[in-house]
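Tertiary structure, described
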Amino acid sequence: MKVIAVLNQKGGSGKTTIATHLARALQLGGAGVLLVDSDPQGSARDWAAVREDQPLTVVGIDRPTIDRDLKNVASKMDFAVIDGAPRASDMAVSAIKAANFVLIPVQPSPYDIWAASDLVDLVKQRIEVTDGKLQAAFVVSRLIKGTRIGGEVAEALAGYGLPILESRIAQRVSYPGTAATGTTVLDAEPDGDAAAEVRALADEIKQKLI
Ligand code: ADP
Ligand code: MG
């Protein structure tokens, strides 16, 4: 089992959107996937509950025991995707411990990038402890269509010394739109641009986890 933790202490960075879509993309690719909602607010659980024939299994683990719980709960799965909690750093530590890959969604604004500093420190410590077995990367989230990532933003991100994925997630009305019905853009418009960018993200992460 490979564990992908979608983390960023900042609310609104797109964690739940990305975690639900990534989980569904991996599942549609033929994998067994568990989605772990670590946010006490339960957004991913609420999302899943809206759809009666929900194909994804979502469990809530909102205490800092994710690392040991996942070993027992999801050992038969191909992937577990953790939707990160805002703030609480003990939750982040536990998710990072459980993870093979930490995905950090950041909005392309210097404020959002600076706010990731504490998380990056935690992730880097863990990369060191695991002798580089833990992988981590940023993904630019909610990029306004037709805009580029500014030089300051690229520099601020690069300054952290973690890779930045080539795939990006754009700001699109279809993300909140499909969320309202407990589905994803992959279900609603499988041939659309949004579905393509989500599949590209899933493929890029899968490649890195081989
Ligand atoms: P987080 O889990 O990090 O707090 P969410 O995924 O819940 O972030 O996103 C916060 C809000 O922004 C939600 O209303 C969500 O629907 C919206 N949102 C997130 N990503 C996108 C996107 N790529 N395009 C449009 N809206 C988005
Ligand atoms: Mg969330």
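Position labels on residues start from 1 in each chain and follow its written sequence. Following the order in which they are written, the chains are lettered starting with A and the ligands numbered starting with 1. Confidence filtering applies because this is a predicted model: local features only for residues at pLDDT of at least 70, side-chain atom pairs given and counted only at 80 or more, and all residues used for totals across whole chains, interfaces and linings. The basis for every side-chain value is the complete set of non-hydrogen atoms in the structure, without hydrogens or water.

With that out of the way, let us pick up the overall build of the protein chain. Helix and strand assignments come from DSSP, with helices taken as H or I runs of at least 4 residues and strands as E runs of at least 2, each series counted from the N terminus. On a plain count of helices and strands, the protein chain comes out with 10 helices and 6 strands. C-alpha atoms define the radius of gyration, and 2.2 Å times the number of residues to the power 0.38 defines the globule rule. Relative to the globule expectation of 17 Å for 210 residues, the C-alpha radius of gyration of the protein chain, 16 Å, shows essentially globular dimensions. Dimensions of the protein chain along its principal axes, counting C-alpha atoms only, are 45 × 40 × 30 Å. Think of it in three bands: residues with accessible area under 20% of the maximum for their type are buried, residues over 50% are exposed, and the middle band is partly exposed, with areas taken using a 1.4 Å probe on protein chains only. Every one of the 210 residues in the protein chain was classed for burial, and the buried ones make up 50%. Taking as baseline every contact in the protein chain between residues at least 6 positions apart, the subset at least 24 positions apart corresponds to 76%. All accessible-area figures derive from a Shrake-Rupley calculation using a 1.4 Å probe, and residue coverage is judged against the displayed protein chains alone. Total accessible area on the protein chain stands at roughly 9900 Å², and carbon and sulfur atoms take up 49% of it. Positive charge is attributed to Lys and Arg, negative charge to Asp and Glu, and no charge count is given to His or to the chain ends. A charged residue contributes its charge at one atom only: NZ of Lys, CZ of Arg, CG of Asp or CD of Glu. Treating the 23 positive side-chain charges of the protein chain as one cloud and the 26 negative ones as another, the clouds have centres 3 Å apart. For this analysis, residues touch if any pair of their heavy atoms sits within 4.5 Å.

Attention shifts here to the packing of aromatic side chains. Only centres within 6.5 Å qualify two rings of Phe, Tyr or Trp (six-membered ring in Trp) as a pair; their planes then separate them into stacked at under 30 degrees, edge-to-face at over 60, and tilted for everything else. Summed over all chains, the structure comprises 2 aromatic pairs. Ring centres of Tyr111 and Trp114 lie 5.8 Å apart, and the angle between their planes is 75 degrees; on these two criteria the pair is classed as edge-to-face. Residue Tyr111 and its partner Trp114 are located together in helix H5 (residues 110-114), separated by 3 residues, close to a single helical turn. One exposure class covers both Tyr111 and Trp114, and it is exposed.

What follows concerns the sheet that holds strand S2 (residues 33-37). Strands pair, by our definition, only if DSSP identifies at least two bridges between them. In space, the 6 strands of this open sheet follow the order S3-S2-S4-S1-S5-S6, with parallel pairing throughout. Sheet topology places strand S3 (57-60) and strand S6 (135-140) at the edges, where each strand pairs with a single neighbour. Across this sheet, the average inter-strand angle for adjacent strands is 20 degrees, counted without regard to direction. As paired elements, S2 and S3 share 4 bridges and run parallel to each other. Paired with Leu34 across the strands is Thr57, a residue of S3. Orientation is described by lines fitted to C-alpha atoms, with helices fitted over the stretch in contact, and by angles between N-to-C directions that extend from 0 to 180 degrees. Helix H2 (residues 43-50) contacts S2, S3 and strand S4 (79-83) of the sheet and is inclined by roughly 125 degrees relative to S2.

Turning our attention to the UniProt feature "domain: CobQ/CobB/MinD/ParA nucleotide binding" (unreviewed entry) in the protein chain. UniProt positions are given in the numbering used here, feature names are shortened, and annotations may be inferred rather than shown by experiment. Under the UniProt annotation, the feature "domain: CobQ/CobB/MinD/ParA nucleotide binding" (unreviewed entry) is placed at residues 4-182. Between the first and last C-alpha atoms of residues 4-182 the distance is 21 Å; the span itself is 40% helix and 16% strand.

This part is about the site of ligand 1. By nearness alone, 15 residues border ligand 1, and Gly12, Lys15, Thr17, Ala170 and Arg172 come closest of all. We define a polar contact as two N or O atoms separated by no more than 3.5 Å, with the added condition that, inside protein, one atom must be a possible hydrogen donor and the other a possible acceptor, whereas residues neighbouring each other in sequence contribute only through side-chain atom pairs. Interatomic distance of 2.9 Å between a side-chain N/O atom of Thr16 and an oxygen atom of ligand 1. The backbone of Arg172 places a nitrogen or oxygen atom 2.9 Å from a nitrogen atom of ligand 1. Computed on the free molecule, ligand 1 has an accessible area of 540 Å², of which 77% lies beneath the protein chains in the complex. If you tally residues by element for the shell around ligand 1, the top one is helix H1 (residues 15-28), at 3 residues. For this classification, the nonpolar set comprises Ala, Val, Leu, Ile, Met, Phe, Trp, Tyr, Cys and Pro, the charged set comprises Asp, Glu, Lys and Arg, and every other residue, Gly included, is treated as polar. The class makeup of the residues in the shell around ligand 1 is 4 nonpolar, 7 polar and 4 charged. Being near a molecule or strand, for a residue, comes down to having at least one heavy atom within 4 Å of it.

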